[in-house]
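# Per-entry structural report
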Amino acid sequence: MEGGVDYLIDERKKAQFDVEAMKVAWAGSRQAFELSDRIAKLVANDPIFEKFSRPMLGRKELFKNSLRKVAHAWKLIIDLRLSEEEAKLLRHYIDEPAYTDLQWEMFIPAIEGQGTEEQKRKWLPLARKMQVIGSYAQTELGHGSNVQGLETTATFDPQTDEFVIHSPTLTSSKWWPGGTAKVSTHAIVYARLILDGQFHGVHGFIVQLRNLENHTPLPGITVGDIGMKFGNGAYNTMDNGVIRFNHVHIPRNQMLMRVSQVTREGKFVQSDVPRQLLYGTMVYVRQKIVADASKALSRAVCIATRYSAVRRQFGSRNGGPEIQVIDYKTQQSRLFPLLASAYAFRFVGEWLKWLYTDVKQRLEANDFSTLPEAHACTAGLKSLTTSATADGIEECRKLCGGHGYLVSSGIPELFATYVPACTFEGDNVVMMLQVARFLVKTVSELGYKQPVGTTAYMRRVTALMQSNCAVRTAEEWLNPGVVVEAFEARSTRMAVACGQRLAKFENPEEGFAELSADLVEASLAHCQVIVVSKFVEKLQQEIPGKGVKRLLEVLFYVYALFLLHKHQGDFLATGYLTPKQASLANDQLRILYSKVRPNAIALVDSFNHTDHLLSSILGRYDGNVYPKLYEAAFNDPFNDSDIADGIHQYVQPMLRQELHSAKL
Ligand SMILES: CCCCCCCC/C=C\CCCCCCCCCC(=O)SCCNC(=O)CCNC(=O)[C@H](O)C(C)(C)COP(=O)(O)OP(=O)(O)OC[C@H]1O[C@@H](n2cnc3c(N)ncnc32)[C@H](O)[C@@H]1OP(=O)(O)O
Ligand SMILES: Cc1cc2nc3c(=O)[nH]c(=O)nc-3n(C[C@H](O)[C@H](O)[C@H](O)COP(=O)(O)OP(=O)(O)OC[C@H]3O[C@@H](n4cnc5c(N)ncnc54)[C@H](O)[C@@H]3O)c2cc1C
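Parameters and conventions
Residues numbered from 1 in each chain as written. Chains lettered and ligands numbered in written order. Predicted model: local features only at pLDDT ≥ 70, side-chain atom pairs only at ≥ 80, totals over all residues. UniProt positions renumbered as here; feature names shortened; annotations may be inferred. Helix = DSSP H or I, 4+ residues; strand = E, 2+ residues; numbered from the N terminus. Rg over C-alpha atoms; globule rule 2.2 N^0.38 Å. Buried ≥ 20, exposed ≤ 12 C-beta atoms within 10 Å, placed from the backbone. Contact = placed C-beta atoms within 7 Å. Pairing = 2+ DSSP bridges. Near = placed C-beta within 6 Å. Nonpolar A, V, L, I, M, F, W, Y, C, P; charged D, E, K, R; others polar. Expected span 1.5 Å × (residues − 1). Axes fitted to C-alpha atoms, helices over the stretch in contact; angles between N-to-C directions. Parallel < 35°, antiparallel > 145°, perpendicular 65-115°, else oblique. Left-handed = near helix turned anticlockwise from the far one by under 90°. Core = buried A, V, L, I, M, F, W, Y, C linked by C-beta atoms within 7 Å.

Looking at an unreviewed UniProt entry, one finds the protein chain named Acyl-coenzyme A oxidase and attributed to Centaurea solstitialis. Its UniProt record, at the heading Cofactor (unreviewed entry), says of the protein chain: "FAD". A UniProt comment under Subcellular location (unreviewed entry) is attached to the protein chain, and it reads "Peroxisome".

So this is what it looks like as structure tokens:
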């Protein structure tokens, strides 16, 4: 058999649910589906957005090509009068990190969240029309996670009514801001505010970096690219920059002043707005990153699933075909939990978007009560989903065997582009430690304050600590209440145990540092409660389409019981489960895999990914893998000639034993 076309045709016939309806369930609504389908096709059919050749380009060519794509996209946005939502989808489907990510996802949101009404009136129209291009310059060479440790200074000069932005040390050089090295005209620079010699915390300042006429850096500003990053194409389309400021003057009204103000006289005024709002842009982007995780994981899973149905190894009987690798139980036990995770992350991402929208409305009305929970949820779910997605993409590479390592599989570039999400916008461990602070506080207040929101389950602390799981058969695991209760009990017990151990330390900060590894595990357990519960809530809604809800239920159990199996040490150590019950959960998992199996291809088709987005020969919709792999190999510019450059110079002299006289 040359290709896998027939295999995928057969696989699609096996589906036990309405794929078109599942596409709508995945997209969130029919309208969302139609919108993203239209934009995906617009990108896929436009040759300027071609991306197969990306990994072969040198850095300068790669970058220039990326600038061309952005300019073309902007032209489309104007010519086709695309809405902001459509424009965001366009960026998603172009699938190339670029300075516009920072413009739209950080620069503009930072001004929206931290600027005064006057600042918003001035800067937002300019930014939305791309008349200024902004980036987000927070991280420095010496500090990223520790925002309060930033060293750049913004000193008020009452003589001129200006701030003087300065980089006093090498380590204070801004380092990493995307879009900054070559493109952005402005940046939100985070710096230590100094008034009359006194430090007043870290704040954001709008600083012009380049001349708007000729694009040269302004006096006092040294700016450049920080160098090649992991992977060839991948994140190297982005110009992550280094900036040094040498006493750069900016007007006083370019400090973002919603949270605190500096008066003409140089007095510091702290408003009622909590200082944490300075971190608001990060809450927004973390929520976006969670929504993006399901997109990235679903791409890798789609490739690995289609290829697993095409690929055959071993087991031929009487000259018949060999076994499709997707039929190996080991392949299923690695692949199907990732398939289920993609759906789980999709639904928790939907919920988090709702939570963020609610918090944003409250913040606009000066209600800050839900900010701590929003921070803990976005930080924790950002950490959980990006870690699982990065690991999942790498697992998908292995699931594709040797061919997964080829750039033409689409997986290496996806991995290289995705993996910094575990670090940027908050290192994943540092983020889990933020959840831990929130949990420790919640647990310490249990006696007199009712936990709310995502920790509301801890109201039942006594029951969750005392009663144990009642499951007696594998079948009894197929009950959402039973599953959720198991996760809640494990999380509560881990959090309470941490709280009890912390209480033994005289100095709480010392205790927190000493127990931090356990606290991270307890935080992960709590975040898993959120994902599992939000999946159940999704299932409680009306989900139209033949067999759609039933398949989503199967995926829910796969996701939850796989986690239970993976973390069974926690479930057993906390005493909620017996080894027998954990083993029954695993038995049920095997049964569930056989329910997923006939639907696997249809479930990944439901992501509605175009071949352009996947950019993968192994994941082609038509399954025509082998002929296309063969064709791509001979289309590689390296195969232009049978005799590669350097063969005559370096190989032939060796073959002829003439190296002594060769010119090397
Ligand atoms: C195409 C790429 C493919 C990848 C996929 C991604 C695509 C995503 C889709 C769209 C988005 C595109 C975006 C563009 C790409 C992103 C590029 C990345 C940009 C960056 O990385 S910007 C830099 C980000 N930097 C960080 O995240 C730094 C992390 N550090 C911190 O957040 C904080 O410093 C800290 C939380 C670790 C500690 O802060 P500190 O001041 O020391 O505070 P504490 O004393 O610990 O806490 C004080 C108090 O405040 C609370 N708090 C902390 N943070 C927040 C917050 N954000 N909101 C609300 N409250 C907060 C904290 O809990 C404490 O509360 P308490 O006193 O305990 O009650
Ligand atoms: C591709 C990419 C794009 C980026 N874009 C931008 C941008 O546009 N703008 C911008 O400002 N920044 C940007 N960044 C920077 C990014 O936000 C930081 O790298 C990130 O916040 C992590 O901070 P760090 O580098 O200081 O890591 P560090 O904090 O130095 O982390 C190093 C190690 O120390 C551990 N660690 C640190 N603190 C603690 C602690 N308290 N307890 C336990 N362990 C700890 C971490 O877990 C990690 O293992 C980008 C980074 C990348 C990779």
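We are not done yet, so read on.
### Let's talk about the overall build of the protein chain
Looking only at helices and strands, one finds 23 helices and eleven strands in the protein chain. In terms of C-alpha radius of gyration, the protein chain reaches 27 Å, essentially the compact-globule figure of 26 Å for 664 residues. The principal-axis extents of the C-alpha atoms in the protein chain amount to approximately 90 × 80 × 60 Å. Across the 664 residues in the protein chain, those meeting the buried criterion constitute 45%. Nonlocal contacts in the protein chain, meaning residues at least 24 apart in sequence, comprise 74% of its contacts between residues at least 6 apart.

### Some details on the sheet that holds strand β8 (residues 241-245)
Strand order in the open sheet made by the three strands is β4-β8-β7, with antiparallel pairing throughout. The open sheet is flanked by β4 (174-175) and β7 (221-225), the only strands paired with a single partner.

### Remarks on the site of ligand 2
The environment of ligand 2 is made up of 22 residues, and the closest members are Q138, T139, G144, S145 and W176. Looking at the shell around ligand 2, the elements that each hand over two or more residues are β1 (134-137) and α12 (428-444). The greatest single-element share of the shell around ligand 2, amounting to three residues, is contributed by α12. Here the shell around ligand 2 is built from residues that sort into eleven nonpolar, nine polar and two charged.

### Topic: the site of ligand 1
Within the structure, ligand 1 sits among 33 residues, and Q276, Y279, H375, F424 and G426 are positioned closest to it. Of all elements in the fold, only α6 (99-114), α8 (280-310), α10 (371-399), α11 (411-418) and α12 reach the threshold of two or more residues within the shell around ligand 1. Per-class residue counts for the shell around ligand 1 are 15 nonpolar, twelve polar and six charged.

### Let's talk about the UniProt feature "domain: Acyl-CoA oxidase C-alpha1" (unreviewed entry) in the protein chain
The feature "domain: Acyl-CoA oxidase C-alpha1" (unreviewed entry), as given by UniProt, occupies residues 279-440 in the numbering adopted here. For residues 279-440, the end-to-end C-alpha separation is 21 Å, with 72% helix and 0% strand making up the annotated structure.

### Examining the UniProt feature "binding site: FAD" (unreviewed entry) in the protein chain
According to UniProt, the "binding site: FAD" (unreviewed entry) feature falls on T139 and G178. Maximum C-alpha separation among the annotated residues is 10.6 Å over a sequence range of 40 residues, consistent with a single clustered spot. Locating T139 in the fold gives a position in the loop between β1 and β2 (153-157). Exposure remark for T139: the 18 C-beta atoms within 10 Å place this residue in the partly exposed category.

### Considerations on the pairing of β1
Burial of the side chains of β1 extends over both faces: G134 and Y136 are buried on one face and S135 and A137 on the other. The sheet contact formed by β1 and strand β5 (residues 186-195) spans four bridges and is parallel. Along β5, the bridge assignment pairs Y136 with I188.

### Details of unusual backbone geometry
We note that D161 has phi near 60°; this positive angle belongs to a residue other than glycine. Mapped onto the elements of the fold, D161 is located in the loop between β2 and β3 (162-166). C-beta crowding within 10 Å serves as the criterion here: with 15 such atoms nearby, D161 is assigned to the partly exposed category. A positive phi angle, close to 60°, is found at N366, a residue other than glycine.

### Structural notes on helix α17 (residues 548-566)
Compared with an ideal rise of 1.5 Å per residue, which puts 19 residues at 27 Å, α17 spans 27 Å between its outermost C-alpha atoms and is within 8% of the ideal. Of all 19 residues making up α17, 14 are buried, and the element is well covered by its neighbours.

### A short note on the packing of helix α4 (residues 59-79) against helix α5 (residues 84-94)
Running from amino to carboxyl end, α4 crosses α5 at an angle of 150°, the nearest separation of the two axes being 11 Å. Judged by the angle between their axes, α4 and α5 are roughly antiparallel. Between α4 and α5 the crossing geometry is right-handed. Here K69, A73, L76 and I77 of α4 lie close against α5, whose contacting residues are A87, L90, R91 and I94.

### Digging into the nonpolar core
Counting 181 residues, the largest nonpolar core has L339 and V558 as the members making the most contacts within it. In this view, V558 contacts F336, P337, A340, L589, L592 and V596; residues no more than four positions away in its chain are not counted.

### Describing the pairing of β5
When you tally the buried positions in β5, you get eight out of ten residues, the bulk of the element. Here β2 pairs with β5 via three bridges, running parallel. Of the residues in β5, the one forming a bridge with A154 is L193. Bridge analysis of β5 against strand β6 (residues 198-208) gives nine bridges, and the strand direction is antiparallel. Opposite L195, over in β6, you have Q198 as the bridge partner. In textbook terms, the turn of a hairpin is the stretch between consecutive antiparallel strands, and for β5 and β6 this stretch comprises two residues, one of which, D196, has a positive phi near 50°.

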